[in-house]
Amino acid sequence: NTLEYLITQNLDYIITTGGLGPTKDDKTKDAFNDFLLSIKTFKSTKENIFPKKNTNTNTKLHVGNIKYVENKLGTADGIWFNHLGTNIIALPGVPDEMKMMMRKSLLPNFKNKVKKSKFTRLIKTIGISESKIEKVILKNCNLADMVNIGYYPSYYGVRVSLSSHNKKNIDDMVNLLRKILNDNIYSIKNEKLEEVVVRIALKRNFTFSFAESCTGGLMSNRITNVSGSSKVFRGSIVSYSNQSKTDFLNVDVSLLKSLGAVSEKTAITMAKNAALSFRTDYAVSITGIAGPAGGTPEKPVGLVYIALVSKNKSIVHKYNFGKTREINKIKASQQALNLLRIMMKNG
């Protein structure tokens, strides 16, 4: 029904993702088959219009005006056919496969059809809401009417999308936002925060280490996903229990009894002793109550302390993230990495 409706809209391309593959729940070919037969583009037949992929050749398989789009990363090739001037394309839903096929087979084709270039930039922010970003832009920027702006919040921060037919307008807007938002912007190149942290550490020849409690190693996992991180990241201690905090980070038992594992002083002690253990320029610690259980009126679920130490400075930040365990872990790791980014950037 959707295909039949979209065909009437005079579109150049219709692209679907998902539902292509070798299992019985993959229905895209069946849907396309029914669509083609219903509009009588092909002669009615009990046989499926889409034949099996020819595995003995690397060339694209054409049947009538149907061709396959090669999938080098998976088993499901894409389908591409034209009906009454509209290109109808189906791609697999696996992100890596779909993105590769878009880059290699589809985007070059689209680029040749574009009559007017459009420039886009993605700015990644943290520690500021989309409504505040919009307010700042409208108050300080006379380019707002000449650039299309989109705001996309997530647990990692707000992504600000800029697009315009004029590249200079985009560049001017980016430069202005960098001055206005300053440390709230961590990337203008669509980088992940962990990539930015590693890049800064490599550039400035810094080393760092972690002491993680409630995040359970999430921050370390994110950093080690970045190529080159072994040159700057010395290691981490995941001290999830009080005993491990005492055994491996030398947190005094009396401190844990008096103030608890989730406290400013415990966080500072964890970070300082991580820096000593790994002999790093910087160290970050996270301790908190991820939830959904374990909270008290004094220390509710979502309470997190993040400490950072360097040779000359020690700071602690207190956060109250919320009641969802997985989200609290993501937000804590994101905030911790951002604080490390800022501290290293400022030397």
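Up top is the structure these notes are about.
Quick summary incoming for the structure in this document. Remember, predicted model here, so these are calculated numbers, not experimental data.

Notes on the overall build of the protein
Logical step 1: Each helix and strand counted, the protein has 11 helices and 14 strands in total.
Logical step 2: Relative to a compact globule of 347 residues, whose C-alpha radius of gyration would be 20 Å, the protein shows 26 Å and is clearly more extended.
Logical step 3: Every one of the 347 residues in the protein was classed for burial, and the buried ones make up 45%.
Logical step 4: Entry remark: accessible area of the protein is about 19,600 Å², with carbon and sulfur atoms responsible for 49%.
Logical step 5: Distance between charge centroids for the protein: 5 Å, based on 52 positive and 27 negative side chains.

Considering the packing of aromatic side chains
Logical step 1: A full pass over the atoms with the stated rule returns seven aromatic pairs.
Logical step 2: Between F208 and F233, the aromatic rings sit 5.6 Å apart at their centres with planes inclined by 35 degrees, giving tilted as the arrangement. One end of the pair, F208, is in strand 10 (residues 208–212); the other, F233, is in strand 11 (residues 233–238), with 25 residues separating them in the sequence.
Logical step 3: Looking at F233, the relative accessible area reads 12%, which means it is buried.
Logical step 4: Grouped by ring-pair contacts, the aromatic residues F208, F210 and F233 constitute a single cluster.
Logical step 5: When the ring centre of W80 is taken as reference, the NZ or CZ atom of K67 above it lies at 4.2 Å.

Quick look at the environment of N320
Logical step 1: The residue N320 is located in strand 14 (residues 314–320) in this model.
Logical step 2: We classify N320 as exposed; its relative accessible area is 51%.
Logical step 3: Leave out the neighbours within four places in its chain, and N320 touches P300, G302 and L303.

Regarding the sheet that holds strand 6 (residues 119–125)
Logical step 1: The strand order across the open sheet formed by four strands is 7-8-6-9, and the pairing between neighbours is antiparallel. Only two strands of the sheet have a single neighbouring strand rather than two, namely strand 7 (148–154) and strand 9 (185–187). Strand after strand, the sheet turns through a mean of 30 degrees between neighbouring axes, direction not considered.
Logical step 2: Pairing of strand 6 with strand 8 (residues 157–164), which is carried by six bridges, proceeds in the antiparallel orientation.

Focus: a positive patch on the surface
Logical step 1: Judged by side-chain charge, K72, K99, R103, K104 and K192 come together as a positively charged surface patch.
Logical step 2: Residue classification places K72 among the exposed residues on the basis of a relative accessible area of 64%.

Considering the pattern of salt bridges
Logical step 1: Counted by the stated rule, this structure contains seven salt bridges.
Logical step 2: Of the charged contacts in the structure, one is a salt bridge between K167 and D171, with a shortest N-O distance of 2.9 Å. With K167 and D171 both in helix 5 (residues 167–181) and four residues apart, this pair spans about one turn of that helix.
Logical step 3: Relative accessible area serves as the criterion here: at 45%, K167 is assigned to the partly exposed category.
Logical step 4: A residue is classified by how much of its surface remains accessible, and D171, at 24% relative accessible area, is partly exposed.

What to know about the pairing of strand 14
Logical step 1: Across seven bridges, the pairing between strand 13 (residues 303–309) and strand 14 is antiparallel. By the bridge assignment, V304 is partnered in strand 14 with Y319.

Some details on helix 11 (residues 325–345)
Logical step 1: The end-to-end C-alpha separation of helix 11 is 30 Å, in line with the 30 Å expected for 21 residues at 1.5 Å each.
Logical step 2: The first or second residue beyond helix 11 is G347, which carries a positive phi of 75 degrees.

Description of the side chain of S187
Logical step 1: Within the element layout of this structure, S187 appears in strand 9.
Logical step 2: Only 3.0 Å separates the side chain of S187 from the backbone nitrogen of E191, close enough to count as a polar contact.
Logical step 3: The contact partners of S187, leaving out residues within four places of it in the chain, are L122, I123, K124 and V196.

Rules used in this analysis
- Residues numbered from 1 in each chain as written.
- Predicted model: local features only at pLDDT ≥ 70, side-chain atom pairs only at ≥ 80, totals over all residues.
- Heavy atoms only, no water.
- Helix = DSSP H or I, 4+ residues; strand = E, 2+ residues; numbered from the N terminus.
- Rg over C-alpha atoms; globule rule 2.2 N^0.38 Å.
- Buried < 20%, exposed > 50% of the residue type's maximum accessible area, 1.4 Å probe, protein only.
- Areas by Shrake-Rupley, 256 points an atom, 1.4 Å probe, with all protein chains shown as cover.
- Lys, Arg positive; Asp, Glu negative; His and termini not counted.
- Charge placed at Lys NZ, Arg CZ, Asp CG, Glu CD.
- Phe/Tyr/Trp six-rings, centres within 6.5 Å; stacked < 30°, edge-to-face > 60°.
- Lys NZ or Arg CZ within 6 Å of the ring centre and 35° of its normal.
- Contact = heavy atoms within 4.5 Å.
- Pairing = 2+ DSSP bridges.
- Axes fitted to C-alpha atoms, helices over the stretch in contact; angles between N-to-C directions.
- Patch = residues over 30% accessible without salt bridge, like charges linked within 9 Å, V, L, I, M, F, W, Y side chains within 5 Å.
- Salt bridge = Lys/Arg side-chain N within 4 Å of Asp/Glu carboxyl O.
- Expected span 1.5 Å × (residues − 1).
- Polar contact = N/O pair within 3.5 Å; in protein donor to acceptor, adjacent residues only side chain to side chain.

Taken by themselves, the reported measurements are silent on function.
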